[in-house]
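Structural characterization, general
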Protein chains: 4
Amino acid sequence: MIKAGIIGSTGYAGEQLAWFLYKHPNVDVEFYSSHKYADMTYSEIYSNFYSYIDDICVDMETAISKLSDINVLFIAMPHGKSFKITQKALALGVKVIDLGADYRLKSKDIYEKWYKVKHESEGLLKDAVYGLCELNREAIKKCNLLANPGCYPTATILALTPMLNSDMIDTSSIIVDAKSGVSGAGRAANVASLYTECNESIKAYAVTTHRHTPEIEQELSKASGNDVTICFTPHLVPMNRGILSTCYAKLTKDITEQDIISLYRNFYKDEFFVKIIDGLPETRWVRGSNICHIGIRVDKRTNRAIIISAIDNLVKGSAGQAVQNMNIMFGLPETTGLEIIAMAP
Amino acid sequence: MIKAGIIGSTGYAGEQLAWFLYKHPNVDVEFYSSHKYADMTYSEIYSNFYSYIDDICVDMETAISKLSDINVLFIAMPHGKSFKITQKALALGVKVIDLGADYRLKSKDIYEKWYKVKHESEGLLKDAVYGLCELNREAIKKCNLLANPGCYPTATILALTPMLNSDMIDTSSIIVDAKSGVSGAGRAANVASLYTECNESIKAYAVTTHRHTPEIEQELSKASGNDVTICFTPHLVPMNRGILSTCYAKLTKDITEQDIISLYRNFYKDEFFVKIIDGLPETRWVRGSNICHIGIRVDKRTNRAIIISAIDNLVKGSAGQAVQNMNIMFGLPETTGLEIIAMAP
Amino acid sequence: MIKAGIIGSTGYAGEQLAWFLYKHPNVDVEFYSSHKYADMTYSEIYSNFYSYIDDICVDMETAISKLSDINVLFIAMPHGKSFKITQKALALGVKVIDLGADYRLKSKDIYEKWYKVKHESEGLLKDAVYGLCELNREAIKKCNLLANPGCYPTATILALTPMLNSDMIDTSSIIVDAKSGVSGAGRAANVASLYTECNESIKAYAVTTHRHTPEIEQELSKASGNDVTICFTPHLVPMNRGILSTCYAKLTKDITEQDIISLYRNFYKDEFFVKIIDGLPETRWVRGSNICHIGIRVDKRTNRAIIISAIDNLVKGSAGQAVQNMNIMFGLPETTGLEIIAMAP
Amino acid sequence: MIKAGIIGSTGYAGEQLAWFLYKHPNVDVEFYSSHKYADMTYSEIYSNFYSYIDDICVDMETAISKLSDINVLFIAMPHGKSFKITQKALALGVKVIDLGADYRLKSKDIYEKWYKVKHESEGLLKDAVYGLCELNREAIKKCNLLANPGCYPTATILALTPMLNSDMIDTSSIIVDAKSGVSGAGRAANVASLYTECNESIKAYAVTTHRHTPEIEQELSKASGNDVTICFTPHLVPMNRGILSTCYAKLTKDITEQDIISLYRNFYKDEFFVKIIDGLPETRWVRGSNICHIGIRVDKRTNRAIIISAIDNLVKGSAGQAVQNMNIMFGLPETTGLEIIAMAP
């Protein structure tokens, strides 16, 4: 059995991780760590786990003292908080999967510019592997420090990579208009996330300034071979879960919708978790699952491709992909513990 | 492998059944039947099943022709529609699990009075077993025709049976104020179930006339040993899934909250799917699972017990319990295929 | 013009009050006071008021310094916070309308028992008038200190008073199962009110302990002439606004549904804001309005009356009734500024 | 008093119109016509109007017989249904305000291509005036046949016109990613609009084929002086009301965000219903009102302007603008009956 620990287990990503790991046939969770709820029973905080996970949450200090008991550490903390614990874990030979943003960007400068905090582990950046499983599998297999992708980046990079890879779009023309459920804002108590402030409304936020922008650009640039700059606009939608990423790009080749669909199906032909559908994605069809649905349309009038992807932000966009990465890192079948189908309605 | 067929597979209960059976290690589904969507691919109707269930839905005639290939038939149709197919299936030695209301009431007269249709299979009523698993397990093991309980009855009967069984409440004092998500209304296209008509509102409906009333009374009378008449008021809540049943009854004995909690814990001590929690149930903590949470309070000022139960109406209140019943009927471990934990948020 | 001030203008009740007073033809608001948002522009906090109310919010000290400029002070603060400002205002001859709970209960002891804070203005309790307009109009006309009713009490007292007044129910049999939208929890940032914690779920809360219980009992006892003790259970519903109060009581007389409807229509025949409907109330039909819809059913099987009332918790349940009270106190037509019809969908 | 009739009064646009006209100080509604609910009381269909509008709905024949009694006819029917009644009304000297799509496009061919029905009143197209009040006021004053704009077009045209007018964007670069609440789908009973199908999900729909596309292009081309072709993608959001239109365009001039804001403020300086806000629009802040909020950002990294507009689709996007148009056509102050402020939360 793989022995795992979770830092930040009572945020939404951490809780989703606990959900997947509890059922995972090859994993035992040794500790659930929580800053806010240390010393409370896990199932008091999340009653869905009543009689399943009745462990007491531990604080960071206790978590650190248990690092030598585990094989893999999942970190689900706000950015800027993972540096020390990551170093300690790696030093002990524990593999680290960070669900936060601290090791996703290869450039310390870009990190500090967008996140407005100092990066305290620059040395780890070159070894950290960006864990978008479908695009980076070989590197993931060998890594000790895995930077689990952000939710918007996962949806967007999966949507755009095949076209960039095939050099069929104008890389300066990319617009990503993305929509997220409220769980993306986390479980922090703040007025803007109250039911009464989010319900019955939609808004754009962090326009031109969202921190996932450089992460998307870094990976799209890799796919393209050239520097890609995108225009990225996230929106907040009154629902718990789900990301829909509507991506626009000017076609530089004369290509039909059906050709692009074929290209995508071929590109992802061996991937269990990416499905090119004929219709248009809806977040409900992937809610709770690790699946990404991608739908493709060509607007002949303006010669643009419109690629739409849907994921569950807490699963493929966070904890599910983290488990998928763990599976790859530990040589397990990639779908282990992730076979859940979205439940409708 | 148990070979199963589903009649009415594209309604919400049928779809939830398909979900559980797809993952069930001991079941193969031989056909998915649908009145409205015959000849369409299942995953066109429910895209969450894309690449999982890509079978073509069959019509009733085809379903009938395949009865001899199966061991168990699940019927998820509106009341009054199951009589013929049930008879045919039973005649062929196929076990029948009816998720509808046609075999739940032992009295043909009461059925016809509340449902306003003629009962065409009176002869089957005495053999049909009411499938509230926790309370009727032995009979279920031996039955061929299983009447799967309604959603409100499941939540309410589980909440009230231990107290009635212990003769500690005034049976004429019972009030059940229940609340359901909109999936309880099914997938039929009607104005009252539109998003815009249900959202941002709550209402009571079918006050004094809801058809689940005699079903609840029949089973509570059994538990009590005396005729129980209840006052039952269902409400429609703007959410997809979930039933919360708030049950009130006058205590006839001098008993504390903690005593009642102990009584309930003892009553359900061997039950995996019923959990007596310390706090107050919330439907989100059981959403998607086959679990029933029960919370207990005593109002000393008025000497009433307030028993609150929460289930997912489509799981423990419908398809999940149907699978649980199948497991019992076929000698499988009762939790097989039903181990899912509610996913939050 | 009546000159008004609002203390606590940036909570939901305060904001709703600002909404009504802005349009009120006989009122000028002299100041908007806010603890949390002092020195911010009102429309920065609530952008619906952009270009309408662009005043700077003042702090309590400034509010106090302006008391001599106003005729009426609205206080929308948490309980236990209104004592000093109320005394100051009254001393200056300013009429006070308190939307909080501090002057609703006539008994200091009961207040302190349920609210767990010391009452610092016992002397004012005898003069304070409970402002359920339809039932207490004459006293309201003459009062200087108006205790604006709570949201659950407003819906429940309107629903039950005619029957208690006519002595047709067993006063020990009353059960009130009430449901509220999330705005009832106010605008404070706490985890339990997050979108992701409230959406797609229903729960009961404060079972047997909700502070509105003694308030309802006090007024029902007045209506009955005898001490009334009720069993009151509030629930939280995933919607912004609305209260539905489902009230159960044993009938002591042989009376038909139609007779009770007639009795209610007669009781409220001169009331603009209370409407006895033939169907069953839904909160959406009163959302945004000062109207209370009441629907009536008799359960002949159990000889119970089921009276269901619906209001908007922020309007008739708070700010709307406060304005209605002001109209009465200042001799204006009672509907002035309150003519809004619920907007559907 | 202006005497008005409403055809299609029981759809959502018709009901919203009834709401505004009921309170309008200069209008009497002579008849409410409904295809589906003829002979029913209006308040039975929409209980918010209980004791306000208790008229019996009439059928089309009766409506036609009353045309000579009215001064203005509002038509809120699906496209392709308005031709005959419009002709009859105009022939009798009745002004017509059509909330549908039949007279919005100047080109019969474009209409027939996008709407797939034959246009039976080509002769009226040249006289019909496109009623985007802020941009076409002079023509509206004099017209007899008013084509009330679509919801997406209203939001989008108001957002983009000032920039096109000032020739500061590349007209081939415009992408409009729009989001709508479910009331935009109308009140027809269909599965896709059920609560359970829309809740907790977002999707794009009608990608590259939405019928509002040519309407937006027609008006933007007018503003630009050149043919404008846009890429338009609508999305369905789980909320009742609201449209958010996120518009992207490449800047052709070197201009700052603040310059564009100033340009917009100047462009709309005399407009009561269009407000350029500093922050980012949210649909809740305009819900129920006739206001359009516009927020502006420049993405310097990609040299694009991002203009975001928010309206209530049933008010400024439909019935509210229809009343605004009526006010203009009849020489009334433009805001008459439309002074309502959005109600939050």
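Remember, it's a predicted structure, so these values are computed and weren't measured experimentally.

Rules behind the numbers
- Residues numbered from 1 in each chain as written.
- Chains lettered and ligands numbered in written order.
- Predicted model: local features only at pLDDT ≥ 70, side-chain atom pairs only at ≥ 80, totals over all residues.
- Heavy atoms only, no water.
- Helix = DSSP H or I, 4+ residues; strand = E, 2+ residues; numbered from the N terminus.
- Rg over C-alpha atoms; globule rule 2.2 N^0.38 Å.
- Areas by Shrake-Rupley, 256 points an atom, 1.4 Å probe, with all protein chains shown as cover.
- Lys, Arg positive; Asp, Glu negative; His and termini not counted.
- Charge placed at Lys NZ, Arg CZ, Asp CG, Glu CD.
- Salt bridge = Lys/Arg side-chain N within 4 Å of Asp/Glu carboxyl O.
- Buried < 20%, exposed > 50% of the residue type's maximum accessible area, 1.4 Å probe, protein only.
- Least-squares fit on C-alpha atoms with pLDDT ≥ 70 in both.
- Pairing = 2+ DSSP bridges.
- Contact = heavy atoms within 4.5 Å.
- Axes fitted to C-alpha atoms, helices over the stretch in contact; angles between N-to-C directions.
- UniProt positions renumbered as here; feature names shortened; annotations may be inferred.
- Buried area = accessible area lost by both parts, 1.4 Å probe.
- Polar contact = N/O pair within 3.5 Å; in protein donor to acceptor, adjacent residues only side chain to side chain.
- Domains from an automatic or database assignment.
- Nonpolar A, V, L, I, M, F, W, Y, C, P; charged D, E, K, R; others polar.
- Phe/Tyr/Trp six-rings, centres within 6.5 Å; stacked < 30°, edge-to-face > 60°.
- Core = buried A, V, L, I, M, F, W, Y, C linked by side-chain atoms within 4.5 Å.
- Parallel < 35°, antiparallel > 145°, perpendicular 65-115°, else oblique.
- Left-handed = near helix turned anticlockwise from the far one by under 90°.

1. Examining the overall build of chain A
Counting its regular elements, chain A contains twelve helices and 13 strands. For 345 residues, the compact-globule estimate of 2.2 N^0.38 gives 20 Å, and the C-alpha radius of gyration of chain A, at 20 Å, lies within 12% of that figure. Summarising its shape, the C-alpha atoms of chain A cover approximately 60 × 45 × 40 Å along the three principal directions. Counting only carbon and sulfur atoms, one obtains 49% of the accessible surface of chain A, whose full area is about 11000 Å². Each charge sign in chain A was given a centre, from 36 positive and 39 negative side chains, and these centres are 3 Å apart.

2. A few points about the environment of alanine 188 of chain A
For alanine 188 of chain A, the position within the fold is in the loop between strand E7 (175-180) and helix H9 (195-198). Once the C-alpha coordinates of alanine 188 of chain A and cysteine 57 of chain A are considered, the two residues, 131 residues apart in sequence, prove to be 18 Å apart.

3. With respect to the pattern of salt bridges
Under the criterion given, the structure shown has 68 salt bridges over all chains. Residue arginine 187 of chain A pairs with glutamate 197 of chain C through a salt bridge whose shortest N-O separation is 3.0 Å. With arginine 187 of chain A in the loop between E7 and H9 and glutamate 197 of chain C in helix H9 (residues 195-198), the pair connects residues from two separate chains. Owing to a relative accessible area of 5%, glutamate 197 of chain C belongs among the buried residues under this scheme. Between glutamate 219 of chain A and lysine 222 of chain A there is a salt bridge whose closest N-O contact spans 2.8 Å. Of this pair, glutamate 219 of chain A and lysine 222 of chain A both sit in helix H10 (residues 212-224), three residues apart, which is roughly one turn of that helix. Through salt bridges that share partners, Asp177 and Lys179 of chain A together with Asp177 and Lys179 of chain D make up one connected network.

4. Section: the relation of the copies chain B and chain D
Between the two copies, chain B and chain D, the superposition gives an RMSD of 0.0 Å; the rotation angle is 180° and the shift along the axis is 0.0 Å. In the structure described here, the two chain copies are related by an operation that fits a two-fold rotation axis.

5. Considering the sheet that holds strand E2 (residues 27-33) of chain D
Strands in a sheet are paired, the pairing made by backbone hydrogen bonds, and the direction either parallel or antiparallel. Residue and element names in this part refer to chain D. Spatial strand order, E2-E1-E3-E4-E6-E5: six strands in an open sheet with parallel pairing. Looking along the sheet, the strands with just one partner apiece sit at the ends: E2 and strand E5 (129-130). The pairing of strand E1 (residues 2-7) with strand E3 (residues 72-75) spans four bridges and is classified as parallel. From the neighbouring strand, glycine 5 faces E3, where its bridge partner is leucine 73. On the sheet, helix H4 (residues 83-91) packs against E1, E3, strand E4 (95-98) and strand E6 (145-147) and is oriented at approximately 170° with respect to E3.

6. Some thoughts on the UniProt feature "active site" (unreviewed entry) in chain A
Residue and element names in this part refer to chain A. The positions UniProt marks with the feature "active site" (unreviewed entry) are Cys151. Relative to the helices and strands, cysteine 151 is located in helix H8 (residues 151-165). Cysteine 151 sits in the buried class, given a relative accessible area of 12%. Leave out the neighbours within four places in its chain, and cysteine 151 touches His212, Ile243, Ile311, Asn313 and Gly317.

7. Structural notes on the interface of chain B and chain D
The partner chain D presents 20 residues to the 20 residues of chain B that form the contact. Buried area between chain B and chain D, summed over both chains or domains, comes out near 1700 Å², and the portion from carbon and sulfur atoms is 57%. If you look at where chain B meets chain D, you find two salt bridges. Remark: the boundary between chain B and chain D carries 14 residue pairs in polar contact (both at pLDDT 80 or more). Broken down by element, the side of chain B that touches chain D gets its largest block of residues, four residues, from helix H9 (residues 195-198) of chain B.

8. Side note on the relation of the copies chain D and chain A
Mapping chain D onto chain A leaves a residual RMSD of 0.0 Å; the transformation is a rotation of 180° accompanied by 0.0 Å of translation along its axis. When you check the interface residues of chain D against chain A, 100% turn up at the interface there too, and the contact is symmetric in its surfaces.

9. Let's talk about the UniProt feature "domain: Semialdehyde dehydrogenase NAD-binding" (unreviewed entry) in chain A
Residues annotated in UniProt with the feature "domain: Semialdehyde dehydrogenase NAD-binding" (unreviewed entry) correspond here to residues 3-143 of chain A. Here residues 3-143 of chain A runs as 38% helix and 16% strand, with 17 Å between its end C-alpha atoms.

10. A few points about the domain arrangement of chain A
Residues and elements named next belong to chain A. Under the domain assignment used here, chain A contains domain 1 (2-127) and domain 2 (151-313). Just the C-alpha atoms count here: the centres of domain 1 and domain 2 sit 27 Å apart. Between domain 1 and domain 2, the buried area comes to about 1300 Å², and carbon and sulfur atoms account for 52% of it. Three residues, Tyr12, Arg104 and Trp114, lead the burial of domain 1 against domain 2; their summed loss comes to 48% of the area buried on that side. Summed over the shared surface of domain 1 and domain 2, the result is one salt bridge. A salt bridge links arginine 104 to glutamate 215; its shortest N-O distance comes to 3.1 Å. Inspection of the domain 1/domain 2 interface yields seven residue pairs in polar contact (both at pLDDT 80 or more). Its residues assigned to classes, the side of domain 1 that touches domain 2 shows nine nonpolar, three polar and three charged.

11. Some details on the packing of aromatic side chains
Enumeration over the complete set of coordinates arrives at 54 aromatic pairs over all chains. Ring centres of phenylalanine 83 of chain D and tyrosine 103 of chain D lie 6.2 Å apart, and the angle between their planes is 90°; this geometry places the pair in the edge-to-face category. Of this pair, phenylalanine 83 of chain D sits in helix H4 while tyrosine 103 of chain D is found in the loop between E4 and helix H5 (108-115), placing the two residues 20 residues apart along the sequence. Take phenylalanine 83 of chain D: its relative accessible area is 2%, and that puts it in the buried class. By way of ring pairs, the aromatic residues Tyr32, Tyr42, Tyr46 and Phe49 of chain A together with Trp285 of chain B are connected into one cluster.

12. Quick word on the nonpolar core
Core analysis: the biggest nonpolar cluster contains 253 residues, and Phe74 of chain A, Phe74 of chain B, Phe74 of chain C together with Phe74 of chain D have the highest contact counts within it. Not counting chain neighbours up to four residues away, the residues in contact with phenylalanine 74 of chain C comprise Ala4, Gly5, Ile6, Ile7, Leu17, Leu21, Ile97, Leu99, Ala322 and Met326 of chain C.

13. Some remarks on the environment of threonine 156 of chain C
Summarising the element assignment, threonine 156 of chain C is placed in helix H8 (residues 151-165). Sequence-wise, threonine 156 of chain C and isoleucine 243 of chain C are 87 residues apart; in three dimensions their C-alpha atoms are separated by 9.7 Å.

14. Focus: the packing of helix H7 (residues 133-142) of chain A against helix H12 (residues 315-329) of chain A
Residues and elements named next belong to chain A. Close contact between H7 and H12 brings their axes to 10 Å; oriented N to C, the two are set at 40°. Taken together, the axis directions place H7 and H12 in an arrangement best described as oblique. When the axes of H7 and H12 are compared, the crossing they make is right-handed. Where H7 abuts H12, its residues Cys133, Glu134, Arg137, Ile140 and Lys141 lie against Lys316, Gln321, Gln324, Asn325, Ile328 and Met329.

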